[in-house]
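Residue-level structural notes
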Amino acid sequence: MLSQLEGSRAVAGAVVCCRPQVVCAYPITPQTHIVEAIGASVKSRQLKHCRFINVESEFAAMSVAIGASATGARAYTATASQGLLFMIEAVYNAAGLGLPVVMTLANRAIGAPINIWNDHSDAMAVRDSGWVMLFAEDNQTATDLHVQAFRLAEELSLPVMVCVDGYVLTHATERVDVPTQEQVDAFLPPYKPRQVLDPADPVSIGAMVGPEAFTEVRYLAHAKQLQALERIGEVAGEFAEGFGRHSGGLVSTYHVEDAEVVIVALGSVLGTIKDATDELRANGARVGVVGITSFRPFPLDVLREAIGDARKVVVVERAFSAGFGGVLSTDVGLAISDAKARLSTVVAGLGGRAVTEAGLIGVFEDALGDRLEALRFLDLDKDVVDRELARMAGTRRSGPSAENVLRDLGTVASGAL
Amino acid sequence: MSKAKTDGAITTTQPVKFYQVGSFAVGNRLVDPSLRTVQADAARTNAITSGHRACQGCGEALGARYVLDAAMRATGGKLVAVNATGCLEVFTTPYPETSWQLPWLHSLFGNAASVATGVAAALEVQGRNDVRVIAQAGDGGTVDIGFGCLSGMFERNDDVLFVCYDNEAYMNTGVQRSGATPPAARTATTEAVGREPGNPFDQGKNLPRLAMAHGIRYVATATVADLHDLEAKVERAMDFRGARYLHLLVPCPLGWSSAPADTIRIARLAKESGLFPVFEAVDGEVTAASGIRRLVPVEEYLRLQGRFRHLFDSSGAVAKTDIVARLQKLADANIERFGLLQPEVT
Amino acid sequence: MEKPFAITLDVGSSLANKTGSWRVERPVYIDRLPPCNDACPAGENVQGWLYYAEAGEYEQAWRQLVQDNPFPAVMGRVCYRPCETVCNRAQLDEAVGINAVERFLGDQAIEHGWSFEAAPPSSGGRVLVVGAGPAGLSTAYHLRRLGHAVVIYETGATPGGMMRFGIPKYRLPRDVLDAEVERICALGVELHLNRKVTDLPATMRDDGFDAVFLAVGAQLAKRAYLPAGDSAHILDAVSLLHSMEGASPPRLGRRVVVYGGGDTAMDAARTARRLGATDAVVVYRRTRERMPAHDVEVEEATDEGVLMKWLSTITEVDEGQILLEQMVLDDKGFPQPTGRFEKLDADCVVLALGEESDLSLLTGMDDVEIADGVVQVGPDLMTGHPGLFAGGDVVPAERTATNAIGNGKRAARTIDGWLRGETPREPARHELAGFEHLNTWYYADAPKTERPRLELVRRTSTFDEVVGGLDETNALFEARRCLSCGNCFECDNCFGVCPDNAVVKLGPGKRYEFDYDYCKGCGICMVECPCGAIVMEPERA
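Just so it is clear, the structure is predicted and the values come from calculations on it, not from any experiment. (Residues numbered from 1 in each chain as written. Chains lettered and ligands numbered in written order. Predicted model: local features only at pLDDT ≥ 70, side-chain atom pairs only at ≥ 80, totals over all residues.)

**Digging into the overall build of chain A**
- Counting secondary structure elements, chain A contains 15 helices and 16 strands.
- Its C-alpha atoms give chain A a radius of gyration of 22 Å, near enough to 22 Å, the size a compact globule of 417 residues would have.
- In terms of overall dimensions, chain A has C-alpha extents of about 70 × 55 × 55 Å along its principal axes.
- Here chain A holds 417 residues, and 52% of them are scored as buried.
- In chain A, of all internal contacts separated by at least 6 residues, the share reaching a separation of at least 24 is 78%. (Helix = DSSP H or I, 4+ residues; strand = E, 2+ residues; numbered from the N terminus. Rg over C-alpha atoms; globule rule 2.2 N^0.38 Å. Buried ≥ 20, exposed ≤ 12 C-beta atoms within 10 Å, placed from the backbone. Contact = placed C-beta atoms within 7 Å.)

Given below as structure tokens:
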């Protein structure tokens, strides 16, 4: 059913159709609208047989989900940014215990400095947690991925995180085909837990595993992710059959067949990248795009195939690893390690800075002209950082660089020093 | 049965009680089985079975079995336990063996209360209100790292009995101070050196009173030394729905540097000295306190424990009279506050 | 359930981990000797019969009791209770009223007509018991149960010895004594009354006995020379108490002086009160502390108005009056005359200066040694004459009925051994269960039930029994005060306090056993055992 609505509402609608039994909510921008909407559904009894629990922290949110999932209930929560970091111990734990919790991550930057806008630093912080991590390019995908997420999670007994760009998607109102209850019920069978706390068949879940078996446990977690690699595409196919549209899968491609330069990216920035591609293609440039939907498990083979014979691969990412560079780039680099393509990382859109079509066209053009460095910070204000670096070189003191930069930018009044 | 010949004697009218062991021992072959403790029952659950790796004389292993066996009886075996990280978790479930005999889940150190909330919620939505939930943690997992989740569980009044096995320090990590460590106690992070050896005075968190302040239905304290009292409290706790809290003192021979054989004796002295008040509270008000039967000065309790050895000289006489006096004042304050020397309130 | 590898485990699987290998000390169940058992001259297993009594199993308790002592109803009245003196409970509140429960059981047996288990047919020796007092009857009882034929020759017309002639009715009603004696005879003991043995060797030979137990007691009153006028009224306590069994009680007058300080003196004075004496005065040459009479006797006598005249000797007796000399104790505690005299009105003087045995029947038996008026015996109670054993008041020992009964039991065992040509093995004695072995926390506070006492008025005017019995309720109460020192009474403490579930409960009456597969040897069970029935022993490598 087509509706004009906010991304958060669309996601909430899909989640409600998945009939979660325990939903834990703790407010953090920009995820909040999702759980608010679900809470309203529970309270209005649109969603029955569901406990909506207002917890006291994200750590509790994931912990409640763990308990609920281990007791045979379909459990859901949502978070963002600092909230994800606050629950990170439980995030790892849910994966380690193999509990099929589904969580929406409304991607947002991590402080300090505190910043409520979109980037992917939060998701990158948990990339090794053992969760399946799916990235939505637009709100239709975001909506559909949630339905697929429950199916995948429960089939594999693995938690699934659906990453939806904060504000850019969560707060954007656009046309979305929200699944109907009938469609979802046909696609998503009731939750049959692989392991469950039941007095009739008691087990001990969460044993302490020592050196003698820890490696095997970890290997099995990896093997499960590899199974997910198989199933993600299949589930997307089954979804397409049931819902009449394609959503999800491991990667999405755009004009890669003959591309000289391929841009690889996660999430909503792909839309702008595709616009830039169209612009360049119109001028005859052979450029293409690969969007990664499944960041974990990481589709090395599919990605390599999609990149094909491009001579230049540019990873545009909304996160980076200080002191190193791109995060996604490392994974992409591994995928193309046998190819002749050269790899560049473009760090863009941190903390909500707009990634413009013009900026991306510049990146493409520099790539085509072999002028793109290995690591570029898109739209970086060089003057500001150079001044601060000079100051730092002079004093060699740790101090509030952020404040200095802001002062240089004229955002705050000077006079503190 | 017929009366004996009494030769015109005056008959005494005292009721016949079981004075041989009174109501203090685990069982008594002479009393009705329904009046014996759950632990006296050869068919008890043994919620933690043999083969666990707790130290010799572990009070926590004992306390957890006491609590869970009583809860198993109270719920007809329909019980799920959630466990925080800590000794109890480690010594019961090293792969490939578990000592638990009931559905049991360990997640993390600080989240037992929340996980239990999730379990209870899941049971509720599945219409399994017959199955009850216990969360258990040590004092660290309760008063320190687990307090946020516990407080949330309390204020939401989630249907969970949270049990704190209080051995007054972080034992699993090597005896470090917690918010439940008593004043003057030596731990690895409050060494017995300097002018005020051991843990400082005027610190620490009184969890039972904090629990009461949350207004939850039922709060109780107990020790492993009085099984009848403990089991009655577990049973009572299971009569309530909503958040409940049981704070159980469990001596730790390792962390307290006490003889393994003295575990119960020390717990008894903690109560009889007044240092550990045993009481229960309903809806935020103290309704009963377990009176002191044989009052002892605090040094009798302290003397058996290496963590207080710096308070005594080599002959066992009190050396740090000022510190012992301050501890005695704490005991006296408890005695006063809870009326521990008055006749039993219960 | 499809369980994830390693993280999720099957319940109870830790049983595969045998933690018993950690142990350096192992707990072991033991039985210690309760102080009451240790102190009982009759060798009763007091804790053993209280174990049944506290369960209300009175017949079982009585049967356990009479394994050692066939006179519970008598002993429950007249024993001086050495068991209660040493009872550990005295250190907690008050001693268990063992004697009262014993009497209750004895009375129950009489009331319900419980009889002894039938003795085996006589297949062993044929034993003569001389004297039907407590020692003789006890020996006869035990010998009969050991399968020997037993014949008792008793000089008097009634059995019981000093139980009848030395203990007043108000302490021991005669129907009680008769019932317990009859029960022994019913075992097949041949009792010949009015049969005085004058020549023991001849009797042994002529009547064909394999062994003899000499238990003629001490029935002759010791006399002291007292200057006395012709009309002075002097008699001895033995005769007084003996004559109480006859048809007409003796006349003593209103003012009676009893001379002596033993239990017999108290009995005589109390008897005098009951015969109408307004003044009954016991004259004793030393002090209360040095008086041989048992406290309970002195207290009861005092309660009944008997007066005591300490540190006094009688130097002269006249009609209606005696002359006393005051004494002082010297450094060694012996009384010394002071030369100070006083007069005391007295219608009669009863001498209670002790008793001695009539051993004339041993004349001509040179191998039987007699010293200080008593027969010398070895630890097996055998005299120098092979096959002749002696016990009770004729041998050197404390002269109490309880002791005599114990002698009888011991003699029966050694006579049995002698007849079989075996040396009877002394049963191994366990280590004493001292108070320090107990964990008294587990015992509730429970003061002793006072045995109801007859009102004093009634006591001094009649020969009704002074001390009443317990009824079932308070007998049960009293029995349940027993701490069961040193002997498991199945309180389940060890079973409950083991952190490793390493104690196996075997079921009622079967106690427990340790599961050494899992016991880590922490020792909590030992510390928390109320009665001290667990010890820790070093583990052998």
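**A word on the sheet that holds strand S10 (residues 279-283) of chain C**
Residue and element names in this part refer to chain C.
- A sheet is described by the order of its strands in space; here five strands give the open sequence S8-S15-S9-S10-S11, paired in parallel fashion. Each having just a single partner strand, strand S8 (234-236) and strand S11 (307-309) make up the two edges of the open sheet. If you compare each strand with its neighbour and ignore which way they point, the axes differ by 25 degrees on average. (Pairing = 2+ DSSP bridges. Axes fitted to C-alpha atoms, helices over the stretch in contact; angles between N-to-C directions.)

**Describing the interface of chain C and chain B**
- Contact with chain C, which involves 65 residues of that partner, is made by 58 residues of chain B.
- Contributions of two or more residues to the side of chain C that touches chain B are made by helix H6 (98-112), helix H16 (472-479), helix H17 (493-497) and helix H18 (524-528) of chain C.
- Ranked by the residues each element gives to the side of chain C that touches chain B, the list is headed by H16 of chain C, at six residues.
- Here the side of chain C that touches chain B is built from residues that sort into 34 nonpolar, 17 polar and 14 charged. (Nonpolar A, V, L, I, M, F, W, Y, C, P; charged D, E, K, R; others polar.)

**As for the environment of Ala61 of chain B**
- With respect to the secondary-structure elements, Ala61 of chain B resides in helix H1 (residues 59-74).
- Residue classification places Ala61 of chain B among the buried residues on the basis of 28 C-beta atoms within 10 Å.
- Beyond its immediate stretch of four places on either side in the chain, Ala61 of chain B contacts Ile48, His52 and Ala54 of chain B together with Pro499 of chain C.

**As for the sheet that holds strand S9 (residues 203-205) of chain A**
- Read from one edge to the other, the open sheet built from ten strands follows the order S8(B)-S7(B)-S5(B)-S6(B)-S4(B)-S3(B)-S1(B)-S2(B)-S9(A)-S1(C), with strand pairing classed as mixed. Each of the sheet's edge strands pairs with one partner strand only, and the pair in question is strand S8 (285-289) of chain B together with strand S1 (8-10) of chain C. Strand-to-strand twist of the sheet, defined as the mean angle between neighbouring strand axes without regard to direction, takes the value 20 degrees.
- Bridge count for strand S3 (residues 132-138) of chain B against strand S4 (residues 161-166) of chain B is five bridges, and the pairing is parallel. Residue pairing across strands places Ile134 of chain B opposite Leu161 of chain B, the latter belonging to S4 of chain B.
- Across the sheet, helix H7 (residues 227-239) of chain B touches S3, S4, strand S5 (218-223), strand S6 (244-249) and strand S7 (279-282) of chain B, and the angle it forms with S5 of chain B is around 160 degrees.

**Here's the deal with the nonpolar core**
- Judged by nonpolar contacts, the single largest core of 415 residues is most densely connected at Val22 of chain A, Val119 of chain B together with Val258 and Val350 of chain C.
- Discounting residues that sit within four places of it in the chain, Val258 of chain C has contacts with Ala265, Ala268, Ala269, Ala272, Ala280, Val282, Val350 and Ala352 of chain C. (Core = buried A, V, L, I, M, F, W, Y, C linked by C-beta atoms within 7 Å.)

**Observations regarding the domain arrangement of chain A**
- What the domain assignment reports for chain A is domain 1 (2-243), domain 2 (251-377) and domain 3 (387-417).
- Of note, the centres of domain 2 of chain A and domain 3 of chain A, computed from C-alpha atoms alone, are 33 Å apart. (Domains from an automatic or database assignment.)

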